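Chain residues, written in single-letter form:
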Amino acid sequence: MNRKSVFGFGMAVAAVAVFAQAQAQGIGAWVTKDANWTASKAALQALGERYATSDALFDALKQAANGGKPLSFPQLAQPAYDWTGIYTRTAGGLNYDPDLPPGPPNPSGPASARLTPAGLAVVKAKAEALMKTGGEFDPLSKCGPPGTPRWFTEPFLKEYVVTPGQTLLINEMVNDIRRVYTDGRPHTSEADAYGSPNGDTIGFWSGDMLVAHTKYLNSGQYQRGVQPNFSDQVNVVERWRKVNPKTLEVDVWSYDPANLAKPWYTRQSYSKLSNDDYNLRIRYWDCGENSNNTIIEKDDGTSQFKDFSFVPDDAAASNDEAVKKAAKAAKP
Amino acid sequence: MKTNMIRTVIGVVALGIALPVLAHHSGGMFDDKKEITVSGTVREFQYTNPHSWLLVDVTGDDGKVTTWGFETEGPSTLTRAGIRKSDFTPGTPITITANPMRDGRPAGTWSRAIRTSDNKEFSPRGGFVVK
């Protein structure tokens, strides 16, 4: 047995031990991100894999919480439910999984994602295109929202509003609000459901953890670079918790039979920002307010600025045929 | 103001590290292997989402004025970096360093700027530091 195999075997044993511990505590137990995180993460990944669908995992978590307990207004004064403040993603950059190191992208996609052949083909195509052109076109350039689960990765300001009946998860970028209904309502029925960027989210409170389930999402990508795509079959189970006065963490299991051979588990984290002078405020985000930010998608799949207000003749100033073409098309 | 333009080729930096996290588009239109430094006066600070633009008038050796545009992050990230709209009022003399556009247009992505009046440096990328 070589060193790699020994390490793998050791990790598997450790993961089984952590999983057994979680089982003993009940599958709903929160797992602290500590020195044993690699093994703990493997156990949480295994927990996701134990259930064939996100509905089954969500139902199991709800059963473990005895159906959950409604949150009361007096409870909101307790520190565990005080999620006030302005937060931002703690780490991760363009990696959906913040545990993965920054740097040149892995051409086979994130190491923690078990992709289907179709999902892997998408990632490899992205890697090849990036190598060939050095650029890409982000659908966000059209000013739409990132959509869930990409929502977790956006690097700007976030704000959380906890109430007994619903919790608002707010992303500053494009005024993007997710609502987690915790008033006991079920999902919209299949017959009446329709896809949207953040889907339909219901949840319950298990102690100081907010457990949520999201379905009826649109397709998208986890982030730019060589992050995988998600299809409109993607469903997400989340488990949020305030782990210290300045940090919210969330377990996220993504299920997507089109792109993921197994559910993809990650632990996302958001840090409360210092704002003693109150200068940091979330305001309306108008993506189209400045024409200098208008992006065009080039024929090779990369991006380019269309037309600068401060350049008298963009077609003459630019050596990019895409700019010249756009300028010609814009002429009356 | 007299032109002071220096074109410097710097070392290769891994894709995705050299450029800031850009809100709504890929940074491929900027050359992350090059930096330019120009001196001029602020024409306008467009403090907008998803990106802000600092427009700077630069006078060439021939006396011709060219307006350069420097893209940076939106208001909240600039606030986190300690860069306020009032720091760059029209007419403020500055020297700014950027990764230039690849297509030759007078624009780039703002790396750092020094305000001439007090020699203070402004780096938008500090806006992503979690503190």
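Nothing here was measured: the structure is a model prediction, and the numbers come from that model.

## Description of the overall build of chain A
Step number 1: Helix and strand counts for chain A stand at six helices and 13 strands.
Step number 2: At 22 Å, chain A has a C-alpha radius of gyration in line with the 20 Å of a compact globule built from 332 residues.
Step number 3: Projected onto its principal axes, the C-alpha positions of chain A cover 70 × 55 × 45 Å.
Step number 4: A burial count over chain A gives 41% of its 332 residues as buried.
Step number 5: Across chain A, every contact between residues at least 6 apart in sequence was considered, and the portion connecting residues at least 24 apart equals 55%.

## Digging into the overall build of chain B
Step number 1: Each helix and strand counted, chain B has one helix and seven strands in total.
Step number 2: Reading the secondary structure of chain B in the N-to-C direction produces β-β-β-β-α-β-β-β.
Step number 3: With 131 residues in all, chain B has 47% of them scored as buried.
Step number 4: Nonlocal contacts in chain B, meaning residues at least 24 apart in sequence, comprise 60% of its contacts between residues at least 6 apart.

## Side note on the interface of chain A and chain B
Step number 1: Contacts between chain A and chain B engage 48 residues on the former and 32 residues on the latter.
Step number 2: Among the secondary structure elements, those contributing two or more residues to the side of chain A that touches chain B are β13 (303–305) and α5 (314–317) of chain A.
Step number 3: In terms of residue count, the dominant contributor to the side of chain A that touches chain B is β13 of chain A (three residues).
Step number 4: In terms of residue class, the side of chain A that touches chain B is made up of 21 nonpolar, 19 polar and eight charged.

## Considerations on the nonpolar core
Step number 1: Formed by 53 residues in total, the largest nonpolar core has its most connected members in Leu210, Val211, Leu248 and Trp253 of chain A.
Step number 2: For this core, the domains that each give at least three residues are domain 1 (1–50) and domain 2 (65–272) of chain A.
Step number 3: If we skip the residues at most four places from it in the chain, Leu248 of chain A touches Trp83, Tyr87, Tyr160, Trp240, Lys242 and Tyr270 of chain A.
Step number 4: If you look at the next biggest cluster of nonpolar residues, it comprises 29 residues, including Leu55, Leu78, Ile96 and Ala107 of chain B.

## Overview of helix α4 (residues 117–133) of chain A
Residue and element names in this part refer to chain A.
Step number 1: A rise of 1.5 Å per residue sets the reference length of α4, with its 17 residues, at 24 Å; its end C-alpha atoms lie 24 Å apart and thus fit the reference within 8%.
Step number 2: Among the residues of α4, those classed as buried are Gly119, Val122, Val123, Lys126 and Leu130. Seen along its axis, α4 keeps its buried residues to an arc of 95°; they face one direction. Counted as exposed and oriented over 90 degrees from the buried face of α4: Pro117, Ala121, Ala125, Glu128, Met131 and Lys132.
Step number 3: Trailing α4 by a residue or two, Gly134 shows a phi angle of about 75°, which is positive.

## Side note on the environment of Ala212 of chain A
Residue and element names in this part refer to chain A.
Step number 1: Note on placement: Ala212 falls in strand β6 (residues 209–215).
Step number 2: Along the sequence, Ala212 and Thr182 sit 30 residues apart, while their C-alpha atoms lie 8.6 Å from each other.
Step number 3: Those residues in contact with Ala212, other than ones at most four positions away along the chain, are Val180, Thr201, Gly203 and Glu238.

## With respect to the domain arrangement of chain A
Residue and element names in this part refer to chain A.
Step number 1: Partitioning chain A into domains gives domain 1 (1–50), domain 2 (65–272) and domain 3 (291–330).
Step number 2: Taken together, the contacts link eight residues of domain 1 with 11 residues of domain 2.
Step number 3: Of the residues assigned to the side of domain 1 that touches domain 2, the class counts are two nonpolar, three polar and three charged.

## Notes on helix α6 (residues 321–330) of chain A
Step number 1: Where α6 of chain A is concerned, the buried positions are Ala322, Val323 and Ala326 of chain A. On an axial view of α6 of chain A, the arc spanned by its buried residues comes to 100°, and they lie on one face.

The rules behind the values
- Residues numbered from 1 in each chain as written.
- Chains lettered and ligands numbered in written order.
- Predicted model: local features only at pLDDT ≥ 70, side-chain atom pairs only at ≥ 80, totals over all residues.
- Helix = DSSP H or I, 4+ residues; strand = E, 2+ residues; numbered from the N terminus.
- Rg over C-alpha atoms; globule rule 2.2 N^0.38 Å.
- Buried ≥ 20, exposed ≤ 12 C-beta atoms within 10 Å, placed from the backbone.
- Contact = placed C-beta atoms within 7 Å.
- Nonpolar A, V, L, I, M, F, W, Y, C, P; charged D, E, K, R; others polar.
- Core = buried A, V, L, I, M, F, W, Y, C linked by C-beta atoms within 7 Å.
- Domains from an automatic or database assignment.
- Expected span 1.5 Å × (residues − 1).
- Arc of directions from axis to C-beta.

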